[in-house]
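These are the residues of each chain, in order.
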Amino acid sequence: CGAGFLQPALLRVGDLEISFERTLSKPDLAACFDILEDNMKEQYEVNPWGWDPKMKRAELANDEARFVLVRDNDRVVAFAH
């Protein structure tokens, strides 16, 4: 991914954190789910497999899940899973 694909606001964020699901706080996990839902729900809904929030929460909560969190003023604003 080239820098041209990054949104300018994301380039100003200074805090990155690498975490395992088992060490992620419940509010941070909830924030990740909200970001996922905001950005991906419509795309899943137009596909045959649809949007299944219970399944997506289970994927995020998997014991082996790893996250890269991007924070702005301690608030999770983006993540990679």
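What counts, and at which threshold
- Residues numbered from 1 in each chain as written.
- Predicted model: local features only at pLDDT ≥ 70, side-chain atom pairs only at ≥ 80, totals over all residues.
- Heavy atoms only, no water.
- Pairing = 2+ DSSP bridges.
- Helix = DSSP H or I, 4+ residues; strand = E, 2+ residues; numbered from the N terminus.
- Axes fitted to C-alpha atoms, helices over the stretch in contact; angles between N-to-C directions.

Caption draft 1: View of the sheet that holds strand 2 (residues 66-72). Ordered in space as 1-2-3, the three strands form an open sheet in which the pairing is antiparallel. For this open sheet the edge positions go to strand 1 (15-20) and strand 3 (75-80), each flanked by a neighbour on one side alone. Each strand of the sheet is rotated relative to its neighbour by a mean of 30°, with strand direction disregarded. For strand 1 and strand 2, the ladder comprises six bridges, and the chain directions are antiparallel. From the neighbouring strand, aspartate 15 faces strand 2, where its bridge partner is arginine 71.

The quantities given are spatial measurements derived from coordinates; they are silent on function.
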